[in-house]
Amino acid sequence: MTYVTERLGKMRVLDADTHLMETPRWIFDFADPEIQRKMSSWNPFVGRNSEFEQAMDSMMPGALPSALEQKTRAQREAEAPERFMSDKNFRVAGARYPEERPAVIDLMGVEKQVVFSTFSIGQFYSKNIGSDCSWDIDLLYGGATAHNRGMADFCGHDSRMVGTGFVPLEDPDRSIRALEEALELGCGAIYIPHAVPEKHSWSHPCYEGIWARIAEAGVPMVMHGGSGDKMIDLPAKIYDNGRPTFHVMGDGTWQMADMMSWHWPVQLMLTQLIMDGVFERHPSLRCAVVELRANWVPAFMEQLDQMHYWAYSNPLYPNEYRLPMRASDYVRRQVKFTPWTQGGDQVGRMIDHIEGSESLFMFSSDWPHHEGSHDPIGNFEKELEFISDRHDFLS
């Protein structure tokens, strides 16, 4: 009996957020030589006793990759039936080694799982790599190529894994090439960072080809929390509260202000894509907002409609820019969110509050990260009694 059938019977379940656990050297195996040199010389995460490995150590004391190697594959797989939900990060079978993952998916019983990396995007998607805090464009796109090759390699071991290909937006022409490469590699979802691009809004015409190609390919665009740079740069004075620094979670630098503002950039991105007509021009462009909580969604949709009404009440608002639908209807039609039920996101309350929102939210386990808890379905089940269509929510 699988984890899903034990909890839900024969219900079809898709998991919108799982991860692989890569070491600092993982991405190097898939990078071109020049990109390897850039990562090695500039990346603060790479190397023994680095911040990167310290961050991993803080997540799982005593369970760094070196400790993992003390167990054989046979030992890990033998322990998996009893420990695949209780063990986390590098401790659990299937998290690091792709050949172990199919057996773990069998134990889970999910039909599909979307797979994200954990650490490696931070090895190239960061302004902090260069000494002048600016993008190294070659590293940015070369790193994306290496990351997407690695994701394709990992997820190629089982068709139930949907690998996410990362496509930055700093150079639109190179972004198109990176997108085509990710699709050719077989990435089943395209991870677009929701940080504000360097030069233009997400809705600028220079990105039109990207949205059109993602829609044409029939794969979802995803935004995800916790990879690479913080998606919003708060002023340094925000953290100067006269108290000792206390890191709440994440890679060892996240503080409370970061956690409270985590979802702000994705709200801005969705607002621009909706109000500037991108979703209207590309009705088949699907978008998933993953691991960015969802308790903010009801207020966001209400405010979106209020600002929409207010703007259109102005007779000077150009007719050619007016949308034929309510702003929130584009969210209902094209966007889905993963609630963090173990963190307090009350799905039932949110659905009661939002008209026509039964299909807005998706199940996610965040496996094998600690945030997903030992019983993610149990966390969601507490909310399912409020939902008329349990199947739609979980699949």
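Nothing here was measured: the structure is a model prediction, and the numbers come from that model.

### Details of the pattern of salt bridges
Close approach of charged atoms allows side chains with opposite charge to pair. Evaluated as defined, the whole model comprises twelve salt bridges. A salt bridge links D136 to K38, with the nearest nitrogen and oxygen atoms 3.0 Å apart. A residue pair is termed long-range when its members are at least 10 positions apart, and D136 in the loop between β2 (112-116) and α7 (137-155) and K38 in helix α2 (residues 33-42) qualify at 98 residues. Here the two residues D136 and K38 agree in accessibility, since each one is buried. Residue D106 is joined to R160 by a salt bridge in which the shortest nitrogen-to-oxygen separation is 2.7 Å. Remark: R160 occurs in the loop between α7 and β3 (161-166) and D106 occurs in helix α6 (residues 101-108); sequence separation between them is 54 residues. Taking relative accessible area as the criterion, D106 reaches 43% and is therefore assigned partly exposed. Several salt bridges share partner residues, and in doing so they unite D106, D158 and R160 into one network.

### Re the environment of E111
Checked against the element boundaries, E111 lands in the loop between α6 and β2. With a relative accessible area of 38%, E111 lands in the partly exposed category. Sequence-wise, E111 and M11 are 100 residues apart; in three dimensions their C-alpha atoms are separated by 9.9 Å. When neighbours within four sequence positions are excluded, E111 is seen to be in contact with R12, V13, L14 and R160.

### Structural notes on the nonpolar core
Counting residues in each nonpolar core, the largest one holds 106 residues, and the members touching the most others are F124, W211, I214, F279 and F337. It is α7 that provides the largest number of residues to this core, a total of eight residues. If we ignore the near neighbours within four places in the chain, the residues touching F337 are L270, V289, A294, W296, V297, V331, L360, F361 and M362.

### Quick notes on the packing of aromatic side chains
Counted according to the given criterion, the structure contains nine aromatic pairs. Ring plane angle 70° and centroid distance 5.2 Å describe the contact between Y125 and F166, whose orientation is recorded as edge-to-face. With a gap of 41 residues between them, Y125 in the loop between β2 and α7 and F166 in strand β3 connect regions that are remote in the sequence. With relative accessibility at 0%, the residue F166 sits in the buried group. Summarising the aromatic geometry, the rings of F337 and F361 are spaced 6.4 Å apart at their centres and angled 45° between planes, so their arrangement reads as tilted. Of this pair, F337 sits in strand β7 (residues 335-337) while F361 sits in the loop between α15 (347-353) and α16 (376-384); the two residues are 24 residues apart in sequence, bridging distant segments of the chain. Both residues of the pair, F337 and F361, count as buried. Site record: aromatic cluster; members linked through ring pairs are F116, F124, Y125, F166 and Y191. One cation-aromatic arrangement involves R25 over F28; the distance from NZ or CZ to the ring centre is 4.1 Å. One cation-aromatic arrangement involves R322 over Y312; the distance from NZ or CZ to the ring centre is 5.1 Å.

Scoring rules and cut-offs
- Residues numbered from 1 in each chain as written.
- Predicted model: local features only at pLDDT ≥ 70, side-chain atom pairs only at ≥ 80, totals over all residues.
- Heavy atoms only, no water.
- Salt bridge = Lys/Arg side-chain N within 4 Å of Asp/Glu carboxyl O.
- Helix = DSSP H or I, 4+ residues; strand = E, 2+ residues; numbered from the N terminus.
- Buried < 20%, exposed > 50% of the residue type's maximum accessible area, 1.4 Å probe, protein only.
- Contact = heavy atoms within 4.5 Å.
- Core = buried A, V, L, I, M, F, W, Y, C linked by side-chain atoms within 4.5 Å.
- Phe/Tyr/Trp six-rings, centres within 6.5 Å; stacked < 30°, edge-to-face > 60°.
- Lys NZ or Arg CZ within 6 Å of the ring centre and 35° of its normal.

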